[in-house]
Structure formats: structure tokens, C-alpha cells
Amino acid sequence: MILFANFYILLTIIIAIFQVALAMGAPLGEFTMGGKFTGKLPIKMRVAALAQIVILLIFVFIVAAKAGIAFEQYYSFGRIGIWFVVAFFVFGTIVNISSPSRKEKLTMGPANIIALISTLVVALS
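Residues numbered from 1 in each chain as written. Predicted model: local features only at pLDDT ≥ 70, side-chain atom pairs only at ≥ 80, totals over all residues. Heavy atoms only, no water.

Another point: the nonpolar core. Membership of the largest hydrophobic core comes to 22 residues, with the highest contact counts inside it found for Y8, V63, I82, V85, F89 and V122. Secondary-structure elements contributing two or more residues to this core are α1 (2-23), α2 (43-67), α3 (75-97) and α4 (102-124). No other element matches α2, which puts seven residues into this core. With near-sequence residues (within four places) excluded, V63 lies in contact with A5, Y8, I82, V85, T119 and V122. (Core = buried A, V, L, I, M, F, W, Y, C linked by side-chain atoms within 4.5 Å. Buried < 20%, exposed > 50% of the residue type's maximum accessible area, 1.4 Å probe, protein only. Helix = DSSP H or I, 4+ residues; strand = E, 2+ residues; numbered from the N terminus. Contact = heavy atoms within 4.5 Å.)

We now examine the layout of surface pockets. Considering only enclosed or pocket space, the largest pocket measures out at about 520 Å³ in volume. Lining the largest pocket are 27 residues, with Q19, T32, Q52, N96 and E104 positioned closest to its centre. Contributing elements (two or more residues each) for the lining of the largest pocket: α1, α2, α3 and α4. Top contributing element to the lining of the largest pocket by residue count: α1, with seven residues. Each residue belonging to the lining of the largest pocket can be placed in one class, and the counts come to 17 nonpolar, nine polar and one charged. (1 Å grid on protein atoms, 1.4 Å probe; cavity = no way out; pocket = protein on both sides within 12 Å on 5 of 7 lines; lining within 4 Å. Points joined across faces, edges and corners; volume = space filled by probe spheres on them. Nonpolar A, V, L, I, M, F, W, Y, C, P; charged D, E, K, R; others polar.)

A few words on the packing of aromatic side chains. Under the defined criterion, the tally for this structure stands at seven aromatic pairs. Between the aromatic rings of F59 and F89, the centroid separation amounts to 6.0 Å while the plane-to-plane angle is 65°, which identifies the pairing as edge-to-face. Pair noted here: F59 is in helix α2 and F89 is in helix α3, with a separation of 30 residues, a long-range link. Here F59 falls in the buried class, since its relative accessible area comes to 9%. Consider the rings of F88 and F89, whose centres lie 5.1 Å apart with planes at 85°: the pair is edge-to-face. The class of F89 is buried, set by a relative accessible area of 5%. A connected cluster of aromatic rings, assembled from ring pairs, spans Y8, F59, F88 and F89. (Phe/Tyr/Trp six-rings, centres within 6.5 Å; stacked < 30°, edge-to-face > 60°.)

This is the structure in C-alpha cells:
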């Protein structure tokens, strides 16, 4: 379980860096939001990227607490919260693998599948 939790945390750091790049105006719009925005995201979507970073950090907190690798005093919260994280990645996997954007489908689809498997292992452990 610890291996899967750590792998999830590493993956999430990479995705958070991607979200920072989006928020700063990197021309990566085709990799997100169904590829609706080519190039830089509009300002509202950049703010959404920042919100996504906050959500991802909360998920890292929950996974780390449930796995017992940090925030041990929040283990009970992690036991419940992990199922919200799993549900998020079930939904995210469906959305990303069915995206009209080939780039999103080929990058974020597998990333969501890996995150789903990792969080599910942590949840079931």
C-alpha cells in the first residue's frame, strides 16, 4: 500500500506542476478540458487550474493520512476521504478516456487510470 500511495503522490506532483503551467499561460490547452482551448487557457480556466491544484493537494493529504505515511492523527478522516478520492478518479478516468482531444486522451487518460488504481489499493488496504 505504501508503494501505491507514494506513486500516487509522485504522479500528483507531476500533474500539479502541469496545472501550474496551465495557470501561468503555457500553451497546453489541448491537453485539458476536452481540448476545447488550443494554446493558452482563458483567464477563468487558468483560475480553475489553480483550484485543481488545491484539490490535488487535499487528495495528497487524504492518501498520505490513510496510508499512514503522514498526518497519522487524521487517519480516521483519511479512511472516509479516500473513497471521495477514488470516486473522483473513477469520474476523471471516464471523462478523460472519452475526451474528444486525442492529446488529453493519451496523457490524462492513463494518468487518471494510474491514480485510480493507486488510490483504490490504498482505500482497500
